[in-house]
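# Observations on chain architecture
Below are the chains, spelled out letter by letter.
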Amino acid sequence: MPPVRRSLVRVLPLLLSVLLAGCGAPAPRDGAEQDIREAVAAWSRTPPERLAGIPLEGWAYEVSAVRRDGAGATVRAELHYRLTGYDAAAAGSAREVRLTRDGGRWHVTGDRAAPGALPQLWDQGPVAVVRGAHSLVLGVGQESGTLSAIAVEADRAVPAAGAAWPEPWAGRAVVLVPGSLERMAELLGRPAAEYRGMGAVTTGRVGAAPAPADRVVVNPQGWAELSPAGRGVILTHEVTHVATRAATTATTPPWLSEGFADWAAYRGTPATPEQAAPALARAVRRGEVPGELPRAEDFAFGGDPEALARAYEGAWLACRLIAERWGEAALVDLYGRAGREPWPVAVRGALGADPDGLTKDWQETLRAEFR
């Protein structure tokens with residue numbers, strides 16, 4: 001072979017590797033890393049046996065990084081799964097998987113939430129499962145009777161939310177019941193103090209398509225303090241957030257989202273403004289009529305509970321006013337428009353009014369209700 005050609009034969013593979021690296025081609029994996037990835041893939045083909053009671057599908061771990069440490073290894077992965085019959089889109093969870101090498105093979109020895117990621121309910125202990133007609137209740141550290149009672153309330157809440165929100169939605173709810181307020185806060189990644197006294201909250205991204213995997217998370221301490229009627233109101237409120245989630249975007253005023261959920265929860269009940277809005281009633285009678293509809297910051301957790309109560313009560317009464325004066329269909333229409341149109345355009349399109357006029361009507365209603 002001529003010298004020039006021999007040189008080209010030696011140089012071309014080097015040039016090719018450089019070009020591929022420049023084009024973003026992944027670096028080749030060593031044999032150990034490939035063995036680790038294959039071990040995780042084999043281990044994660046089916047959910048753990050301890051989760052057999054949970055209706056899971058699409059269970060998969062997608063490995064993103066491998067770090068070796070002698071005979072051990074740590075893998076960063078994204079867990080994807082769905083709850084069969086409840087999730088239209090996959091739920092996700094960043095996980096950290098530990099492996100050890102024994103006898104020349106890698107074995108998974110641990111799996112937990114990745115640093116900075118939210119844990120799954122089953123990270124907190126064995127999960128009990130109760131299936132309702134319209135609900136799936138998953139609990140840790142709870143008596144079966146408690147979970148069954150929550151499933152009964154959820155089965156009432158789903159039709160109530162559907163009656164208020166006639167637009168298409170899943171018509172089902174997933175309820176998580178952790179063992180304590182602190183455990184609830186762990187699932188949500190917020191300080192426990194923010195949820196003290198609350199019965200439940202809803203998780204999920206707004207405006208997602210397909211519909212996100214929402215969860216209603218119960219605060220067992222707050223739930224225990226509620227009356228039977230209060231439990232029905234709280235759970236219907238949260239399930240209504242699930243129902244309206246796909247229509248809710250960053251442009252939806254928080255007062256409309258929270259007020260609509262309360263309107264759905266009180267709809268069909270004998271609750272009067274005097275009974276359901278005591279904090280706002282006291283303020284109005286002191287001459288403190290709100291100057292504007294509740295702002296986003298008024299709904300922040302962890303602040304003055306009296307001010308938070310006034311925000312929720314005022315939002316409910318605003319939605320109640322719209323439903324009574326313009327009709328329930330107009331309220332639903334306003335909600336849908338508010339998620340996709342500028343607020344003044346949405347108000348004019350749904351109600352034939354202007355935002356300032358709506359605010360004034362609401363203020364006059366408060367004065368009339370709480371004379």
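If you're wondering where the values come from, they're calculated on a predicted model, not measured in any experiment.

## Thoughts on the sheet that holds strand β6 (residues 135-140)
Spatially, five strands are ordered β5-β6-β7-β9-β8 in an open sheet, and the strand pairing comes out mixed. One side of each edge strand has no neighbouring strand; the edge strands of this open sheet are β5 (127-131) and β8 (200-203). Pairs of neighbouring strands in the sheet enclose a mean axial angle of 20 degrees, with direction left out of account. Pairing of β6 with strand β7 (residues 173-177) involves five bridges; the strand directions are parallel. Paired with G139 across the two strands is V177, which belongs to β7. Along the sheet, helix α4 (residues 181-188) makes contact with β8 and β9 (215-218), crossing β9 at roughly 155 degrees. Of the strands in this sheet, β7, β8 and β9 are in contact with helix α6 (residues 228-244), which crosses β8 at around 5 degrees.

## Remarks on the environment of A32
Here A32 lies in helix α2 (residues 31-43). Remark: the alpha-carbon pair of A32 and A73, spanning 41 residues in sequence, is separated by 10.0 Å. Those residues in contact with A32, other than ones at most four positions away along the chain, are R68 and W106.

## Regarding the packing of helix α11 (residues 328-338) against helix α12 (residues 343-351)
Two numbers describe how α11 lies on α12: the axes approach to 9 Å, and their chain directions differ by 155 degrees. The angle between α11 and α12 places the two elements in the roughly antiparallel class. The element α11 and its partner α12 pack so that their crossing is right-handed. Along its contact with α11, which presents A330, D333, L334, R337 and A338, the element α12 presents W343, A346, V347, G349, A350 and L351.

## Focus: the side chain of E153
Mapped onto the fold, E153 is located in helix α3 (residues 144-164). Excluding residues within four positions of it along the chain, E153 makes contact with W223, P228, R231, G232 and L235.

## Remarks on the sheet that holds strand β2 (residues 72-83)
The antiparallel open sheet is built from four strands, whose spatial order is β1-β2-β3-β4. Lying at the two open borders of the sheet, with one neighbouring strand each, are β1 (56-69) and β4 (105-113). Taken pair by pair, the neighbouring strands of this sheet meet at an average axis angle of 30 degrees, ignoring direction. Note: strand β3 (residues 91-102) against β4, eight bridges, orientation antiparallel. Bridge pairing links E96 to R112 in β4. Those strands touched by α2 are β1, β2, β3 and β4, and its axis lies near 155 degrees from that of β1.

## Some points on the packing of helix α7 (residues 254-266) against helix α10 (residues 305-325)
For the pair α7 and α10, interaxial distance at closest approach is 7 Å and the crossing angle is 70 degrees. What the angle tells us is that α7 and α10 run roughly perpendicular. Along the contact surface, α7 presents W255, L256, E258, G259, F260, D262, W263 and Y266, while α10 presents Y312, A315, W316, A318, C319, R320, I322 and A323. A per-class count over the contact of α7 with α10 returns 12 nonpolar, one polar and three charged.

## Re the pairing of β7
A large share of β7 lies buried, amounting to five of its five residues. Taken together, the two bridges between β7 and β9 define a ladder with parallel strand orientation. Following the sheet pairing, L176 is matched in β9 by V217.

## Quick word on the nonpolar core
Judged by nonpolar contacts, the single largest core of 41 residues is most densely connected at W255 and L351. For this core, the elements supplying multiple residues, two or more each, are α7, α9 (278-285), α10, α11, α12 and α13 (355-369). Discounting residues that sit within four places of it in the chain, L351 has contacts with I322, W326, A330, L334 and L358. Counting residues in hydrophobic clusters, the runner-up holds 38 residues, among them A39, A77, V127 and V217.

## A few points about the pattern of salt bridges
When the charged atoms of two side chains lie near each other, side chains of opposite charge can form a pair. Enumeration over the complete set of coordinates arrives at 22 salt bridges. For R156, the salt bridge identified is with E153, shortest N-O distance 3.3 Å. Placement of the pair is R156 and E153 together in helix α3, with a separation of three residues, close to one helical turn. Close ionic contact of R337 with E341 constitutes a salt bridge, the shortest N to O distance being 3.5 Å. Through salt bridges with shared partners, one network takes in E292, R295, E297 and D298.

## Focus on the packing of aromatic side chains
Applying the stated criterion across every chain, the model contains 12 aromatic pairs. Measuring from ring centre to ring centre gives 5.9 Å for W59 and W122, while their planes differ by 45 degrees; the resulting arrangement is tilted. On the criterion of sequence distance, the pair formed by W59 in strand β1 and W122 in the loop between β4 and β5 is long-range, its members being 63 residues apart. Each member of the pair, W59 together with W122, is buried. A cation over an aromatic ring shows up here: R172 above the ring of Y86, its NZ or CZ 5.9 Å from the ring centre. Over the ring of W326 we find R325; its NZ or CZ atom is 5.8 Å from the centre of that ring.

What counts, and at which threshold
- Residues numbered from 1 in each chain as written.
- Predicted model: local features only at pLDDT ≥ 70, side-chain atom pairs only at ≥ 80, totals over all residues.
- Heavy atoms only, no water.
- Pairing = 2+ DSSP bridges.
- Helix = DSSP H or I, 4+ residues; strand = E, 2+ residues; numbered from the N terminus.
- Axes fitted to C-alpha atoms, helices over the stretch in contact; angles between N-to-C directions.
- Contact = heavy atoms within 4.5 Å.
- Parallel < 35°, antiparallel > 145°, perpendicular 65-115°, else oblique.
- Left-handed = near helix turned anticlockwise from the far one by under 90°.
- Nonpolar A, V, L, I, M, F, W, Y, C, P; charged D, E, K, R; others polar.
- Buried < 20%, exposed > 50% of the residue type's maximum accessible area, 1.4 Å probe, protein only.
- Core = buried A, V, L, I, M, F, W, Y, C linked by side-chain atoms within 4.5 Å.
- Salt bridge = Lys/Arg side-chain N within 4 Å of Asp/Glu carboxyl O.
- Phe/Tyr/Trp six-rings, centres within 6.5 Å; stacked < 30°, edge-to-face > 60°.
- Lys NZ or Arg CZ within 6 Å of the ring centre and 35° of its normal.

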